[in-house]
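Tertiary structure, described
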Amino acid sequence: MAATKVLHGVDVASFQGAPGNWSTEAGKISFAAVKFTELQPAPAGPYVNPDAAADWAYLHQHKLGRIAYLFAHPSTGVTATVNLFARQVTKLGLADADGIAVDLEVTDGRSPSAVDTWAAGLMAALEKKYHRKPLLYTFLSFAEAGNCNKLGKYPLWISNPSRPAGQPQVPAPWKTWALHQYSTTSGKLDRDVAKYPSLAAMARALGKPEGPEMKNIGGSLSSDLTSVRWPDSVTVVAGLGTDGFVQAARWASGKWSAWKNISPTKAKGAPGLLAWGTADGRLYYTEASSGNVIVLATTNGGKTWT
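Let me begin by describing the structure that accompanies this report. (Residues numbered from 1 in each chain as written. Predicted model: local features only at pLDDT ≥ 70, side-chain atom pairs only at ≥ 80, totals over all residues. Heavy atoms only, no water.)

1. Details of the layout of surface pockets
Spelled out, the test is: Method remark: on a 1 Å grid restricted to protein atoms, a set of points is classed as a cavity if a 1.4 Å probe fits but cannot get out and as a pocket if it is open with protein on both sides within 12 Å along at least five of seven lines; lining residues have an atom within 4 Å of a point. Grid points are joined across faces, edges and corners, and a volume is the space filled by probe spheres set on the points. Helix and strand labels come from DSSP, where a helix needs a run of H or I of at least four residues and a strand needs a run of E of at least two; each type is numbered from the N terminus. Asp, Glu, Lys and Arg are counted as charged, while Ala, Val, Leu, Ile, Met, Phe, Trp, Tyr, Cys and Pro are counted as nonpolar; the rest, among them Gly, fall into the polar class.
Taken as a whole, the largest pocket spans an internal volume of roughly 290 Å³. Along the walls of the largest pocket sit 14 residues, with R204, K208, P209, E210 and G254 positioned nearest its centre. Of all elements in the fold, only α6 (199-206) and β12 (246-252) reach the threshold of two or more residues within the lining of the largest pocket. Along the lines of polarity and charge, the residues of the lining of the largest pocket split into 6 nonpolar, 3 polar and 5 charged. As a volume, the second largest pocket reaches approximately 250 Å³. As for the second largest pocket, its lining consists of 15 residues, of which L64, G65, R66, A97 and D98 are closest to the centre. Of all the elements, α6 adds the most residues to the lining of the second largest pocket, at 4 residues. Residue composition of the lining of the second largest pocket, grouped by class: 9 nonpolar, 3 polar and 3 charged.

2. Comments concerning the nonpolar core
What counts here: Buried residues of nine kinds, namely Ala, Val, Leu, Ile, Met, Phe, Trp, Tyr and Cys, make up a nonpolar core once their side-chain atoms join them within 4.5 Å. Exposure is judged per residue with a 1.4 Å probe applied to protein chains only, and the accessible area is read against the type maximum: over 50% gives exposed, under 20% gives buried, and values in between give partly exposed. Here, residues are in contact when the closest pair of their heavy atoms is within 4.5 Å.
Counting residues in each nonpolar core, the largest one holds 44 residues, and the members touching the most others are W22, F85, V102, L104, L126 and L151. Not counting the four nearest positions on each side in its chain, L151 is found in contact with L104, D116, A119, A120, M123, L136 and W174. Ranked by size, the runner-up nonpolar core spans 17 residues in total, among them F31, L135, Y137 and M202.

By themselves, these figures tell us nothing about what the structure is for.
Pasting the structure below:
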């Protein structure tokens, strides 16, 4: 069986210092994760990595992949944690290809269920704000204790230095991994591999999804259009087809689907669309035969309507 293609990288914080202190030791890398912030419990308070700006600029200058991360404390507020991180993101910049991550490895004395619920709220807030799924960095024992049970839909950055690079143990609720921190003993530099064949693939997976391509997407409609978009950039456009049924086209995975009828009965006038959450939505149309308003639901970003 062919070996999984990976990209090599490092993760750095103020412990490593500015790039001049770690870049030579890092050697040939494709990406790096940089600590931006840590909202510590009182009385310590907010912390900003003083070397983050230099690290972030160095990665950009050398055309390397970038991941900005925050260190999470479940005893602090989600909003305050996001706001501290956001101030640094605004200051240093976040390109569409950049990833973001949460370092979750302490409980601050909270129960696993409380940590899990708090972290789920933090991850959702970051995803909504930056329109990309944040990575979740953690340890095996931390996940196995139940602190991450609600976080399986986010890409996993697992610290597992006892396993060879690219062969980590994957804790529940995850089925696979995205990044593997395989070494924490090489001098003072932590080393990682990312499970992507290229930086472009990594950007597509961890960066901001591309929006719908603006081109002639066809269709045979007789009404005005309506559209919705979910946080991952999945977009549905719908209208009344010339055959009398509601038709829709869907943008996902970088391409438009063919137009297809999605209403079980004929309609009159333009339909209406509503979207919320990560993939939920409703489509409303007026049935031609009865005049009743018919409601169709989706829970998978418009793949199916029932």
